[in-house]
Amino acid sequence: MASVASSPISFAASFLRTKPFPRFLPIRTLRCAPFSSSSSEPIEFDISFAPPKPTPSSPRGNAAFQQLFIPWIVRGEDGKLKVQSQPPAQLIHALADATTQNPKKKVKKKKPQASSSSSSSAVTTSSEPKLSKAARRYYNENIKEPPQRLSKVLAAAGVASRRTSEELIFDGKVTVNGSVCTTPQTRVDPTRDIIYVNGNRVPKKLPPKVYFALNKPKGYICSSGEKETKSVVSLFDEFMASWDKRNPGTPKPRLFTVGRLDVATTGLIIVTNDGDFAQKLSHPSSSLPKEYITTVAGDVHKRHLMAISEGTVVEGVHCVPDSVELMPKQHDIPRARLRIVVHEGRNHEVRELVKNAGLEVYSLKRVRIGGFRLPSDLGLGKHVELKQSELKALGWKS
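Note that this is a predicted model, so its numbers are computed, not measured.

Trainee: So what's going on with the overall build of the protein? Which residues, and what values?
Mentor: Across its full length, the protein holds 13 helices and 23 strands. Buried residues in the protein amount to 28% of all 398 residues. Long-range contacts, defined as pairs at least 24 residues apart, comprise 55% of the intrachain contacts of the protein with a sequence gap of at least 6. Roughly 27,900 Å² of accessible area belongs to the protein as shown, and the carbon and sulfur atoms make up 53% of that amount.

Trainee: Tell me about the sheet that holds strand β12 (residues 200-201), and please be specific about residues and values.
Mentor: Spatial ordering of the open sheet is given by β9-β8-β11-β12, a layout of 4 strands whose pairing is antiparallel. In this open sheet, the two strands that pair with only one neighbour each are β9 (179-180) and β12. Here 2 bridges tie strand β11 (residues 195-197) to β12, and the two strands are oriented antiparallel to one another. Looking at the pairing, Val197 lines up with Asn200 of β12.

Trainee: Just give me the short version of the packing of aromatic side chains, but keep the residues and values in it.
Mentor: Within the structure shown, the criterion is met by 5 aromatic pairs. Residues Tyr211 and Phe277 carry aromatic rings whose centres are separated by 4.9 Å and whose planes lie at 75° to one another, so their mutual orientation is edge-to-face. With Tyr211 in strand β13 (residues 211-216) and Phe277 in helix α10 (residues 275-282), this residue pair connects regions lying 66 residues apart in the sequence. Accessibility expressed as a relative area gives 0% for Phe277, which makes it buried. On the basis of an interplanar angle of 55° and a centroid distance of 5.3 Å, the ring pair of Phe212 and Phe236 is categorised as tilted. Here Phe236 lies in the loop between β13 and α8 (237-241) and Phe212 lies in strand β13, a separation of 24 residues in the sequence.

Trainee: Let's hear about the nonpolar core: which residues, and what values?
Mentor: Proteins that are soluble and globular tend to have nonpolar side chains buried together. Within the largest apolar cluster, 28 residues are counted, with the highest numbers of intra-cluster contacts made by Phe212, Leu255, Val271, Val296, Leu338 and Ile340. Counting residues per element, the ones that place at least two in this core are β13, α8, β15 (266-272), β16 (290-297), β20 (336-342) and α12 (349-356). Tallying contributions element by element places β20 first for this core, with 4 residues. Grouped together as the second largest cluster of nonpolar side chains are 18 residues, Phe256, Leu268, Leu378 and Leu391 included.

Trainee: Quick one: what's the story with the environment of His318, residue by residue and with numbers?
Mentor: For His318, the position within the fold is in strand β18 (residues 317-319). In this structure the side chain of His318 is engaged in a polar contact, spanning 3.2 Å, whose partner is the backbone oxygen of Glu310.

Trainee: If you had to explain a nonpolar patch on the surface to someone new, which residues and values would you point to?
Mentor: A surface patch of nonpolar side chains, about 330 Å² in accessible area, is lined by Ile73, Leu81 and Val83. Here Ile73 shows up in strand β3 (residues 72-75). Judged by its relative accessible area of 63%, Ile73 is exposed.

Trainee: I'd like to hear about the confidence of the model for the protein, residue by residue, with values.
Mentor: Residues of the protein with pLDDT of at least 70 account for 71%, and the chain-wide mean is 77. Predicted confidence is poor over residues 113-126, with pLDDT under 50, and the contacts of this stretch with residues over four places away or in other chains come to 13 contacts.

Trainee: Hey, could you go over the side chain of Thr265 for me, with residue numbers and the actual values?
Mentor: With respect to the helices, strands and loops of the structure, Thr265 is situated in the loop between β14 (256-258) and β15. Taking the relative accessible area as the measure of exposure, Thr265 reaches 1% and is therefore buried. Here the side chain of Thr265 touches Arg351 through a polar contact of 3.3 Å, side chain to side chain. With sequence-adjacent residues up to four places away left out, Thr265 is seen in contact with Lys216, Pro217, Arg351 and Leu364.

Criteria and cut-off values
- Residues numbered from 1 in each chain as written.
- Predicted model: local features only at pLDDT ≥ 70, side-chain atom pairs only at ≥ 80, totals over all residues.
- Heavy atoms only, no water.
- Helix = DSSP H or I, 4+ residues; strand = E, 2+ residues; numbered from the N terminus.
- Buried < 20%, exposed > 50% of the residue type's maximum accessible area, 1.4 Å probe, protein only.
- Contact = heavy atoms within 4.5 Å.
- Areas by Shrake-Rupley, 256 points an atom, 1.4 Å probe, with all protein chains shown as cover.
- Pairing = 2+ DSSP bridges.
- Phe/Tyr/Trp six-rings, centres within 6.5 Å; stacked < 30°, edge-to-face > 60°.
- Core = buried A, V, L, I, M, F, W, Y, C linked by side-chain atoms within 4.5 Å.
- Polar contact = N/O pair within 3.5 Å; in protein donor to acceptor, adjacent residues only side chain to side chain.
- Patch = residues over 30% accessible without salt bridge, like charges linked within 9 Å, V, L, I, M, F, W, Y side chains within 5 Å.
- Salt bridge = Lys/Arg side-chain N within 4 Å of Asp/Glu carboxyl O.
- pLDDT = per-residue confidence, 0-100.

Printed below as a string of structure tokens:
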């Protein structure tokens, strides 16, 4: 005890050497109780340490940590350098202009050609875009029309009818790529093959497909011959005269009728330049119903209706109508009228049915083909272009 109490400072130093303190806890105070050599009480030391250093708060809760200061060293108008927190205005404008400008087109260099005059290479830009193989395959399979028969191409180009085109081919008046072709079934592509008829070249671009519903007047025949003065096609002279003004650079279509109506029959007839469409509608396999309104002379009795419904032989085929109906009389029409629906479409079929029943036809008018009915406001000799929905009503799916 005497050795310990001999020097309080040396005792404290020896205590600190034997008990080292952590380095991360700084000593705040070190107080020693009064030392008395004569006191029997043990020596007590009052040692306290500083509190831990506070950690900074999260940057989300502190506004000082949200703003990132980026120094920009720029040269001012006076020529001296200075530090600022905002980027220079010239840099901001340059970045804005760079994002709005169009990207530069790639320039393709041509290989220099050996020439005695100059050996410099020309620089050109590619005008046509390069399509992928999948895009070209889709175009060839779904959009591009396959090669067609030569006679069909000539008819679609407006050279002549398909039958007359076949006669021109047989006579050797048609050449394909410089060679005379005498086979109408030859497959050609008008966009690639060079076709001449009587020394005149067939245009590469074929006329567009057009479809019309005409209210045929009495006295006109369904023939497209050039010598026919009162042809149904002649009712479209005004339309054909204004074709170049409405469709510049497009060849004129060659119009013809779908089926036929005799010279004394009026009403609905379809006019087009689409041969496939005409073949589909006029073929007996289509079985399109055709409705006629016939005015007869004299009175109509039940026996007449029974005779018409039983049918008759037309062109060696027994034709039976789909329906026969006696229409109610009207004040302005004193004669009796019959509604007859057929689907055969034989020549003079309705007239033969009425004649076989012992009645005389006074007038005959066709008012419906398939699901398309002649518009009531369409005057005699007038036509209207058919819409896609009306073509579907006729049973045509393009």
